[in-house]
Amino acid sequence: MTQHHRIAIVGTGFSGLGMAIRLKQEGEQDFVLLERAADIGGTWRDNTYPGCRCDVPSHLYSFSFAPNPNWSSTFSPQSEILDYLKDCAERFGVMPHVRFDTELESASWDDDDGLWRIETSQGPLTAEILISGQGPLSDPSLPEVPGIESFEGTAFHSAEWDHEHDLEGERVAVVGTGASAIQFVPEIQPKAAKLHVFQRTAPWVIPHRNRPLRRWERAIYRLFPPAQLAMRAAIYWARELFVLQFRHRAVGRLLERIPMAHMRKQVKDPALREKLTPDYRIGCKRILPTDEWYPALAQPNVEVITEGITEIRPHSVVAADGTEREVDTIIFGTGFHVTDVPIADRIEGRDGRTLAETWEGSMRAYKGTTVAGYPNLFFLVGPNTGLGHTSIVFMIESQIAYVLDALRTMRRRGAGTLEVREGAQAAYNAELDRMTKGTVWVTGGCTSYYIDRNGHNSALWPTYTWPFRRRLREFDVAAYSLAARAREDVLEPGRALVLDG
Ligand SMILES: Cc1cc2nc3c(=O)[nH]c(=O)nc-3n(C[C@H](O)[C@H](O)[C@H](O)COP(=O)(O)OP(=O)(O)OC[C@H]3O[C@@H](n4cnc5c(N)ncnc54)[C@H](O)[C@@H]3O)c2cc1C
């Protein structure tokens, strides 16, 4: 017996939960959320490292349909964001739809029956529509360093923090100086006897504007919700201005004065300052807000090493200049599989090719959501929807609206399958390439996770976010081919059925 559902959604982060909530509000009942973990929350369930918090203000980094007047600070800590997601899932009634410990292992399009055949860690199911909210930063990436497996101390990735392990008095190596490391290093620095921070590229660091929200502010948001909406709008438009620095060199040059002044104020040692000065243009990699990073690095128990790691031995880390440092623990703040998302190896389209085979290292989609050759498949936070300046929830909600309109269109037209036309996808991507040309991400002199192994921007939406919302406001049926239902008999909602093969 194979369970059949009209819609299968992968993931229970902002994407999966947001999609499920909006489907429910539209009256759809026949959907499941497949979640490989034992709890909901995505990013905010997995990243429990000390100091973890969002770096986009919470008034904006939350669902527009579920404002939370109770945020404790302007940039909320991980636990509060997780609680918020859990509260939304409960409040909007999506929890009964979640299948925990259920990993999508493969999904292949069955053209004869017009549905997805899905294999999960809990058995097979079929679905007419597959919506993947697998997460842009949900699969931790480890560096390929010789000997990494031979290390006999404790080693973990920042997204899999080992809370059982006490770092008190230990010699600790931190690999990476990205968005997670700049949050957890200041937290663990006072505990460690010695902290070796291995930095490949110095980040641009700006002052953090985090502050507690006062009781009266929260009361106003509770009693007068439009005030919070107005604050959200103000934050949104202020952050849109950041795009100017990605697209105009002169603005970037002007903006670079802020982090340089921040560093001059916080780092007095000229040798350390030199190590921490970025050698690429601001915005090329994610700009990091923190007031604690530089002071932590300036402490006597901390050493910043700019030579790359060439080898890991059972009890030590060896740098490119041949120096070897004995360590008890290695913490990898080395990011995620962003442009090589593992789910691409698991989804097979009409011609039996996986997405990874089709993409050949450069993810391509139409409006970040649909892919030619993969009928009835929708991505949330798909190719070219990532951002360097504002809340990804804005992009997610834009895509959710688009998917809902696509489903309404299918219903209205009695269509069973929908597939974006090759030509529409190619034209869209040509336009994206034009928009990316000349931006700091490709001219700024850095390597970043936005750029894939072919040197192509397949992660970022390269301009302001409001044009993205405008483009996805309505489902543009002309860009798609629609076909009638393949087998009317097998597709009754909620039915368990046995399919051939
Ligand atoms: C530490 C950290 C801080 C961040 N801060 C910000 C911020 O301030 N602002 C911002 O805009 N963005 C931020 N991000 C980016 C963040 O990932 C997104 O904002 C957002 O949480 C993505 O939501 P999502 O639902 O798309 O993905 P996720 O939250 O990653 O959820 C994906 C879910 O899919 C599940 N899954 C994946 N593959 C499978 C499978 N094969 N089968 C079943 N389940 C599967 C995962 O277990 C997970 O629950 C941050 C990311 C990190 C790591």
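Keep in mind that what you see is a predicted model, and the values were worked out from it rather than measured.

**Quick notes on the site of the ligand**
Then step 1. Looking at the ligand, there are 34 residues lining it, with Ser15, Glu35, Asp55, Tyr61 and Ile392 nearest.
Then step 2. For the ligand, an oxygen atom lies 2.7 Å from a polar atom in the side chain of Ser15.
Then step 3. Within the contact set of the ligand, an oxygen atom lies 2.7 Å away from a backbone nitrogen or oxygen of Asp55.
Then step 4. In the complex, the protein chains occlude 95% of the 980 Å² of accessible area that the ligand would expose alone.
Then step 5. Of all the secondary structure elements, the ones that give two or more residues to the shell around the ligand are α1 (14-25) and α2 (43-46).
Then step 6. Taken together, the residues that form the shell around the ligand break down as 14 nonpolar, 14 polar and six charged.

**Some thoughts on the environment of Arg45**
Then step 1. On the secondary structure map, Arg45 appears in helix α2.
Then step 2. On the accessibility criterion, Arg45 (15% relative accessible area) is buried.
Then step 3. The sequence separation of Arg45 and Gly13 amounts to 32 residues, and the corresponding C-alpha distance is 8.5 Å.
Then step 4. Once residues within four sequence positions are removed from consideration, Arg45 is found in contact with Thr12, Glu35, Ala37, Asp39, Ile40 and Leu82.
Then step 5. In this structure the side chain of Arg45 is engaged in a polar contact, spanning 3.3 Å, whose partner is the side chain of Glu35.
Then step 6. Reaching out from Arg45, the side chain makes a polar contact with the backbone oxygen of Asp39 at a distance of 3.0 Å.

**As for the confidence of the model for the protein chain**
Then step 1. Here the protein chain averages 95 in pLDDT, while 97% of its residues score no lower than 70.
Then step 2. Low confidence marks residues 489-501, where pLDDT is under 50. Its contacts with residues over four positions away, or in another chain, come to 29 contacts.

**Concerning the packing of α1 against helix α3 (residues 78-91)**
Then step 1. Orientation of α1 relative to α3, taken along the N-to-C sense of each, is 25°, at an axis distance of 10 Å. Judged by the angle between their axes, α1 and α3 are roughly parallel. In this structure, α1 crosses over α3, and the sense of that crossing is left-handed. Along the contact surface, α1 presents Phe14, Leu17 and Ile21, while α3 presents Ile81, Tyr84, Leu85, Cys88 and Ala89.

**Brief notes about the side chain of Glu217**
Then step 1. Positionally, Glu217 belongs in helix α5 (residues 215-223).
Then step 2. Not counting residues within four places of it along the chain, the set of residues in contact with Glu217 comprises Arg211 and Pro212.

**Description of the sheet that holds strand β7 (residues 154-157)**
Then step 1. Pairing in this open sheet of five strands is parallel, and the strands run β7-β16-β8-β9-β12 from one edge to the other. Looking at the sheet topology across the chains shown, the edges are occupied by β7 and β12 (302-305). In this sheet, adjacent strand axes meet at a mean angle of 15° when their direction is disregarded.
Then step 2. Lying over the sheet, helix α4 (residues 181-188) contacts β8 (171-175), β9 (194-198) and β16 (329-332), oriented at roughly 170° with respect to β8.

**Description of the sheet that holds strand β14 (residues 316-319)**
Then step 1. On the basis of which strands lie adjacent, the open sheet formed by three strands has the order β13-β14-β15 and antiparallel pairing. Two strands lie at the open edges of the sheet, namely β13 (309-313) and β15 (324-326), each paired on one side alone. Within the sheet, the average angular offset between the axes of one strand and its neighbour, ignoring direction, is 20°.
Then step 2. Here β14 runs beside β15; their pairing, made up of three bridges, is antiparallel.

Definitions and limits used
Residues numbered from 1 in each chain as written. Predicted model: local features only at pLDDT ≥ 70, side-chain atom pairs only at ≥ 80, totals over all residues. Heavy atoms only, no water. Near = heavy atom within 4 Å. Polar contact = N/O pair within 3.5 Å; in protein donor to acceptor, adjacent residues only side chain to side chain. Areas by Shrake-Rupley, 256 points an atom, 1.4 Å probe, with all protein chains shown as cover. Helix = DSSP H or I, 4+ residues; strand = E, 2+ residues; numbered from the N terminus. Nonpolar A, V, L, I, M, F, W, Y, C, P; charged D, E, K, R; others polar. Buried < 20%, exposed > 50% of the residue type's maximum accessible area, 1.4 Å probe, protein only. Contact = heavy atoms within 4.5 Å. pLDDT = per-residue confidence, 0-100. Axes fitted to C-alpha atoms, helices over the stretch in contact; angles between N-to-C directions. Parallel < 35°, antiparallel > 145°, perpendicular 65-115°, else oblique. Left-handed = near helix turned anticlockwise from the far one by under 90°. Pairing = 2+ DSSP bridges.

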